[in-house]
Amino acid sequence: MMKKIKSRKMIYIFIVIFVVMLICASVVANYFCSSLYIGSAQNYSGQFTFLSNECYLLSVTKSQSELEAQALATDYTQFGASGYIWKQDDYYHVIYSAHEKQNDASLLQNSLKDKLINCEIVKITFPSFVFEDDFTATQHAVLQQASNSFLQTFRTLSDLAVGIETDVYTNAVVGEKLQKLQTSLQQICENYNDEFSKNTQNKIISLGEYLSDELESVMLSTINNVSLKYHAVEILDIYKNMCHEFNN
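This structure is a prediction, so every number in the text was calculated from the model and none was measured.

Analysis parameters
- Residues numbered from 1 in each chain as written.
- Predicted model: local features only at pLDDT ≥ 70, side-chain atom pairs only at ≥ 80, totals over all residues.
- Heavy atoms only, no water.
- Helix = DSSP H or I, 4+ residues; strand = E, 2+ residues; numbered from the N terminus.
- Expected span 1.5 Å × (residues − 1).
- Buried < 20%, exposed > 50% of the residue type's maximum accessible area, 1.4 Å probe, protein only.
- Pairing = 2+ DSSP bridges.
- Axes fitted to C-alpha atoms, helices over the stretch in contact; angles between N-to-C directions.
- Parallel < 35°, antiparallel > 145°, perpendicular 65-115°, else oblique.
- Left-handed = near helix turned anticlockwise from the far one by under 90°.
- Contact = heavy atoms within 4.5 Å.
- Nonpolar A, V, L, I, M, F, W, Y, C, P; charged D, E, K, R; others polar.
- Core = buried A, V, L, I, M, F, W, Y, C linked by side-chain atoms within 4.5 Å.
- Phe/Tyr/Trp six-rings, centres within 6.5 Å; stacked < 30°, edge-to-face > 60°.

> Looking at this structure, I do not really get helix H7 (residues 225-246). What am I missing?
Residue pairs spaced three or four apart in an α-helix point in one direction, given the helix's 3.6 residues per turn. The terminal C-alpha atoms of H7, which comprises 22 residues, lie 32 Å apart, in line with the 32 Å expected from a rise of 1.5 Å per residue. Most of H7 is tucked away: 18 of the 22 residues are buried.

The following block contains the structure:
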């Protein structure tokens, strides 16, 4: 009889301990969930920061005359240059290609030098800027998507251009990847317009216009290494203009 009583007491004690542990676990979980929610809310309110970046352009020639630069660009496209005219300080540069890393630009610079094409490396800086507002989590995500799209698009177009030049990608593969990029950018623009259609902030409106310019540039890209390089550099020019506008 005593053994049964002791056994019941042990079971009762075990049940009590188990219940107490469940309650403690629940309290701790609620605490961390609340902390995460508060931290998340803090991240999505007040402002959104576009981080600074930099890129490197290979300029095959330059002129203080835009018309002269355009005439020269036509000749250089025959050698695989993008032919994009980039205005920097007092010169119009004819751009061969653009790169995120200086080392990549230097390697191609040396390779082109062996082919008697001399290039100058032009460093481009994209300054950071801030949007001040009380953004929701969804708005923050849409802004993040929009801000990342410019360099991501540049990378994709550059990769496709190199893929064609090196025969890594067939025209069919490039066409498929280009179509995916166009569809992705269309979705980003739609998400942005849906989320900020009622926002009258000048910066918000302007960013939407820059996104439209980016989409238009990609839609004009063709399955050709020169075209892909051209529009890759054009995307950087759009991004540069946006950064400088929002910093003035």
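So much for the structure itself; the text now carries on.
> Would you take a moment to explain the sheet that holds strand S3 (residues 84-88) for this structure?
Through backbone hydrogen bonds, the strands of a sheet pair up, either in parallel or in antiparallel fashion. Strand order in the open sheet made by the four strands is S3-S4-S2-S5, with antiparallel pairing throughout. Of all strands in the sheet, those bounded by a partner on one side alone are S3 and strand S5 (120-126). With strand direction ignored, the average angle separating the axes of adjacent strands in the sheet is 50°. In terms of strand pairing, strand S2 (residues 53-63) meets S5 through seven bridges, oriented antiparallel.

> What is the right way to read the packing of helix H4 (residues 137-165) against helix H6 (residues 202-219) from this model?
Packed helix pairs are characterised by how far apart their axes lie and by the angle those axes make with each other. With their axes 11 Å apart at the nearest point, H4 and H6 run at an angle of 25° to one another. Relative to H6, the element H4 is oriented roughly parallel. Where H4 crosses over H6, the handedness of that crossing is left-handed. On H6, the residues touching Leu143, Ala146, Ser149, Phe150, Thr153 and Leu157 of H4 are Ile204, Leu207, Tyr210, Leu211, Glu214 and Val218. When the residues that make up the contact of H4 with H6 are grouped by side-chain class, the tally is nine nonpolar, two polar and one charged.

> Honestly, the environment of Ser212 in this entry has me stumped. Any pointers?
The topology assignment puts Ser212 in helix H6. A relative accessible area of 42% means that Ser212 is categorised as partly exposed. Spatially, the C-alpha atoms of Ser212 and Ile188 are 9.9 Å apart, while their sequence positions differ by 24 residues.

> What is the right way to look at the environment of Val226 in this model?
Secondary-structure assignment places Val226 in helix H7. Of the residues examined, Val226 reaches a relative accessible area of 18% and is grouped as buried. Measuring from C-alpha to C-alpha, the distance between Val226 and Phe79 comes to 9.3 Å, with 147 residues separating the pair along the chain. Every residue in contact with Val226, bar those within four places of it in the chain, is listed here: Thr77, Gly80, Ala81 and Ser82.

> When you look at helix H3 (residues 102-114) in this model, what are you seeing that I'm missing?
End to end, H3 covers 19 Å across 13 residues, agreeing with the expected 18 Å (1.5 Å per residue, within 8%). A positive backbone phi angle near 65° is found at Leu116, which sits one or two residues after H3.

> Quick question: what am I supposed to make of unusual backbone geometry here?
For residues other than glycine, phi is negative in most cases, and the peptide bonds are mostly trans. Positive phi, close to 65°, is recorded for Leu116, a residue that is not glycine. For Leu116, a relative accessible area of 77% puts it in the exposed group. Backbone geometry at Asp167 places phi at a positive 65°, although glycine is not the residue there.

> Quick question: what am I supposed to make of the nonpolar core here?
One broad rule of soluble globular proteins: the nonpolar side chains tend to lie buried together. Phe131, Leu143, Phe150, Tyr192, Leu207 and Leu236 are the most contacted members of the largest nonpolar core, which has 48 residues in total. Among the nonpolar cores identified, the runner-up in size contains 14 residues, and Val60, Tyr92, Leu112 and Ile117 belong to it.

> It is not clear to me how the side chain of Asp237 should be interpreted in this structure. Could you clarify?
Checked against the element boundaries, Asp237 lands in helix H7. In contact with Asp237, other than residues within four places in its own chain, are Tyr84 and Trp86.

> Help me understand the packing of aromatic side chains, please; the structure alone is not making it clear to me.
Geometry of an aromatic ring pair is reported as the spacing of the ring centres plus the angle between the planes. For the coordinates displayed, the defined rule picks out twelve aromatic pairs. Ring centres of Phe48 and Phe50 lie 5.1 Å apart, and the angle between their planes is 80°; this geometry places the pair in the edge-to-face category. Where Phe131 meets Phe246, the ring centres are 5.4 Å apart and the plane angle is 75°; that geometry is what we call edge-to-face. Note that Phe131 is positioned in strand S6 (residues 129-132) and Phe246 in helix H7, a separation of 115 residues in sequence.

> For this particular structure, what's the right way to read the environment of Gln144?
Residue position: Gln144 is located in helix H4. Residue classification places Gln144 among the partly exposed residues on the basis of a relative accessible area of 33%. With 95 residues separating them in the primary sequence, Gln144 and Thr49 have C-alpha atoms 9.0 Å apart.

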